[in-house]
Amino acid sequence: MKILLIDDSKTMRNIQKAILTQLGHTDVLEASDGLDALSKVGAYQPNLILVDWNMPNMDGITFVKQYRAKGLKTAIIMVTTEAEKARIVEAITAGVNNYVVKPFTPDALSERIKETLSRVAAA
Amino acid sequence: MPQAQTIESAVNPNLVTPFINSVRDVFDKMAGVKITAQEPHLKAGKSTGHDISGIIGFSGAVAGSVVVSFPKAVAERLVEAFVRMPLECGTPDFVDAVGELVNMIAGSAKPYLGGVASISLPSVVIGQGYTVASMSSTPCVIIPCSSPHGDFAIELCIARQAGA
Amino acid sequence: MKFNPDDIMMLAGTIWESVLSLPIETDEPGSVGNHPRSMAACIQISGAWNGAILLDCPVEFARLAASVMFSTEPANAALPDLQDAIAELVNMIGGNIKGLLPETCFLSLPAVVEGGDYSARVPGSTPVGRVAFVCQGHRVSIVILEKTREETAAA
């Protein structure tokens, strides 16, 4: 499975990549912001996208809106420190399939990934 | 004769508790490290000295700064637990990890401070024998923290803004 | 967003003249924290633009600035006076830079570092403006940093 990991923090990308590797997902492509990610999705065609909210150049919510505007259906999980309910609703409305609040345990991220993929598969 | 300022009279506990919860939560979830917060106390003077300090600013409904300061050995062990690999102190990856830890502690506390606040980019100071002063008229509170890897401290110099 | 060094110099010159009544002369930019004992003041801007401003100077310059600002003899200026003086200068620089940025941006309170062996960094940022100047024989530098991240590998 191909996973696109979008976070402006190299530390956070490394942490999430380590968790994904533990889960057996080794085909992971990194992007440092929404613009960087949009330039990569065409060639990479991910099966799952993990995206942070607050990033320079293009934030996560703008990325999600632009990605969905292309008619692309890939499952997206927002992984962010934004914990307010209004933010979660905004993300879901924009087209996010699931939401993980930082800080997260490896188990919590793993569960959300499994849950999201099974939901998308069933749809 | 003026009365000595007590922590109860000087600091809103609603601004302290979210940081105690967030530092525990961040290290527990992200690094698998249990943190024990000791009794907060008012900081004497303006400066704090440590080897590694992460500084982040708050603006909006809550304004001020938060400094998380570690001795070098403690920072190295906590960063290793956080990123799941050893990082050499002072390298860009190490600085980035310290910045991310501070960002996450502040970001996790932010929703519980009341009102809409924003947090700045973190800055990280690395060295020896330096002091960090938060230039706030607000009394600063020190939250001493203990971990299996050693002690560190959070310094809060934040206050709710009038009308926010 | 790039900042023209001439504009930053003009801004610094105006602040130094109005607050300290001291002229400044352009010097070559150097790194932060390269004085025997130095002070660095950092102020952050968040909102429509995200970044930070770092002011670096020798402790002796901070002493001079404090003596002018608080009308005292340099020898009588204590560390909190030095910290206040440098914080006030970086606050003014930050306020003026904020005026050049898109709406709405917020300025943090300054933090001031003092010591002989330290480096102050803002991870995830790159310099977008940098000047160095000399004031009464003391070398001062101002660096404007914008939040950006390193490029990741291409697909």
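First, a word on scope: everything that follows refers to the structure included in this document. (Residues numbered from 1 in each chain as written. Chains lettered and ligands numbered in written order. Predicted model: local features only at pLDDT ≥ 70, side-chain atom pairs only at ≥ 80, totals over all residues. Heavy atoms only, no water.)

1. Here's the deal with the overall build of chain C
- Along the backbone of chain C there are 3 helices and 8 strands.
- Order of helices (α) and strands (β) in chain C, N terminus to C terminus: α-β-β-β-α-α-β-β-β-β-β.
- A globule of 155 residues ought to have a C-alpha radius of gyration of about 15 Å, and chain C, at 15 Å, matches this closely.
- Per-residue burial for chain C yields a buried fraction of 53% across its 155 residues. (Helix = DSSP H or I, 4+ residues; strand = E, 2+ residues; numbered from the N terminus. Rg over C-alpha atoms; globule rule 2.2 N^0.38 Å. Buried < 20%, exposed > 50% of the residue type's maximum accessible area, 1.4 Å probe, protein only.)

2. Focus: the interface of chain B and chain C
- The partner chain C presents 31 residues to the 31 residues of chain B that form the contact.
- Counting the surface lost from both chain B and chain C, the interface buries some 2,400 Å², and carbon and sulfur atoms represent 54% of this.
- The interface formed by chain B and chain C holds 0 salt bridges in total.
- At the boundary of chain B with chain C, the tally comes to 10 residue pairs in polar contact (both at pLDDT 80 or more).
- For the side of chain B that touches chain C, the secondary-structure elements that each account for two or more residues are strand S4 (52-60), helix H4 (92-109), strand S6 (117-119), strand S7 (123-128) and strand S8 (131-134) of chain B.
- Its residues placed into classes, the side of chain B that touches chain C shows 13 nonpolar, 16 polar and 2 charged.
- Direction of pairing for S7(B) relative to strand S6 (residues 117-121) of chain C: antiparallel, over a ladder of 5 bridges. Following the sheet pairing, B:Gly127 is matched in S6(C) by C:Tyr118. (Contact = heavy atoms within 4.5 Å. Buried area = accessible area lost by both parts, 1.4 Å probe. Salt bridge = Lys/Arg side-chain N within 4 Å of Asp/Glu carboxyl O. Polar contact = N/O pair within 3.5 Å; in protein donor to acceptor, adjacent residues only side chain to side chain. Nonpolar A, V, L, I, M, F, W, Y, C, P; charged D, E, K, R; others polar. Pairing = 2+ DSSP bridges.)

3. Some remarks on the interface of chain A and chain B
- If you look at the interface, chain A gives 16 residues, while chain B gives 16 residues.
- Across the chain A to chain B interface the summed buried area is about 1,400 Å²; carbon plus sulfur atoms make up 62%.
- Together, A:Thr11, A:Ile15 and A:Pro103 form the three largest contributors to the area buried by chain A at its contact with chain B, with a combined 37%.
- Taken together, the links from chain A to chain B amount to 1 salt bridge.
- The partner of A:Lys10 in a salt bridge is B:Asp93, and the shortest N-O contact between them spans 3.1 Å.
- The greatest single-element share of the side of chain A that touches chain B, amounting to 6 residues, is contributed by helix H1 (residues 10-22) of chain A.
- Its residues assigned to classes, the side of chain A that touches chain B shows 8 nonpolar, 4 polar and 4 charged.

4. Focus: helix H1 (residues 5-20) of chain C
All names here are of chain C.
- Here H1 contains 16 residues, and its C-alpha end-to-end distance of 21 Å stays within 8% of the 22 Å for a straight helix at 1.5 Å per residue.
- Ile8, Met9, Leu11, Ala12, Ile15, Trp16 and Leu20 are the residues of H1 that are buried. Buried residues in H1, looked at end-on, bunch into an arc of 160°, giving them a common side. For H1, the exposed residues lying more than 90 degrees away from the buried face are Asp6, Met10 and Ser18.
- Buried residues along H1 sit in contact with strand S1 (25-27), strand S3 (51-58), helix H2 (59-69), helix H3 (79-98), strand S7 (125-135) and strand S8 (138-147).
- Regarding H1, its N-cap is Asn4, as a side-chain oxygen of that residue lies 2.8 Å from the backbone nitrogen of Asp6 further along.
- Once H1 finishes, Ser21 follows within two positions and takes phi at roughly 55°, a positive value. (Expected span 1.5 Å × (residues − 1). Arc of directions from axis to C-beta.)

5. Points about the nonpolar core
Residues and elements named next belong to chain B.
- Of all hydrophobic cores here, the largest spans 65 residues; its most connected members are Phe19, Phe27, Phe58, Phe82 and Ile143.
- A per-element tally of this core places H4 first, with 10 residues.
- Residues in contact with Phe58, not counting those within four places in the same chain, are Phe19, Ala63, Gly64, Val66, Ala106, Lys110, Leu113, Ala117, Ser118, Ile119 and Ile158. (Core = buried A, V, L, I, M, F, W, Y, C linked by side-chain atoms within 4.5 Å.)

6. So, the packing of H1(A) against H4(B)
- Where H1(A) contacts H4(B), the axes come no closer than 8 Å and their chain directions differ by 90°. It follows from the interaxial angle that H1(A) and H4(B) lie roughly perpendicular. Here H1(A) contributes A:Lys10, A:Thr11 and A:Met12 to the contact with H4(B), which in turn contributes B:Asp93, B:Asp96, B:Ala97, B:Glu100 and B:Met104.
- Here the residues of the contact of H1(A) with H4(B) are counted per class, giving 3 nonpolar, 1 polar and 4 charged. (Axes fitted to C-alpha atoms, helices over the stretch in contact; angles between N-to-C directions. Parallel < 35°, antiparallel > 145°, perpendicular 65-115°, else oblique.)

7. Remarks on the pairing of strand S9 (residues 141-147) of chain B
Residue and element names in this part refer to chain B.
- For S9, a buried count of 6 out of 7 residues is recorded, marking the element as mostly surrounded by other parts of the structure.
- One ladder, built from 2 bridges, connects strand S2 (residues 41-42) with S9; its direction is antiparallel. By the bridge assignment for S9, Leu42 is matched with Val141.
- Sheet topology places S9 next to strand S10 (residues 150-160); 7 bridges connect them, and they run antiparallel. Bridge pairing links Ile143 to Ile154 in S10.
- From the end of S9 to the start of S10, which pair antiparallel, there are 2 residues.

8. Looking at the packing of aromatic side chains
- What the rule picks out here adds up to 8 aromatic pairs over all chains.
- Each ring, one from B:Phe19 and one from B:Phe58, has its centre 5.9 Å from the other, and the planes form 75°; the classification is edge-to-face. Of this pair, B:Phe19 sits in helix H2 (residues 13-31) while B:Phe58 sits in strand S4, and the two are 39 residues apart along the sequence.
- Judged by its relative accessible area of 1%, B:Phe58 is buried.
- Between B:Tyr130 and C:Tyr118, the aromatic rings sit 6.2 Å apart at their centres with planes inclined by 55°, giving tilted as the arrangement. Note that B:Tyr130 is positioned in the loop between S7 and S8 and C:Tyr118 in strand S6, a pairing that runs across two chains. (Phe/Tyr/Trp six-rings, centres within 6.5 Å; stacked < 30°, edge-to-face > 60°.)

9. Considering the state of the cysteines
- In the structure shown here, the tally under the stated rule is 1 disulfide over all chains.
- The closest cysteine sulfur to the non-disulfide-bonded C:Cys57 is located on C:Cys135, 10.0 Å from its own sulfur. (Disulfide = S-S within 2.5 Å.)

10. Let's talk about the side chain of A:Thr74
- Considering the arrangement of structural elements, one finds A:Thr74 in the loop between helix H3 (60-69) and strand S4 (75-80).
- A:Thr74 has contacts with A:Pro46, A:Asn47, A:Leu48, A:Ile49, A:Tyr67, A:Arg68 and A:Asn97, leaving out every residue within four places of it along the chain.

11. Things to note about the side chain of B:Ser147
Residues and elements named next belong to chain B.
- Among the secondary structure elements, Ser147 is positioned in strand S9.
- Here Gly150 takes part through its backbone oxygen, which lies 2.8 Å from a polar atom of the side chain of Ser147.
- When sequence neighbours within four positions are dropped, the list of residues in contact with Ser147 reads Val33, Lys34, Ile35, Leu78 and Phe152.

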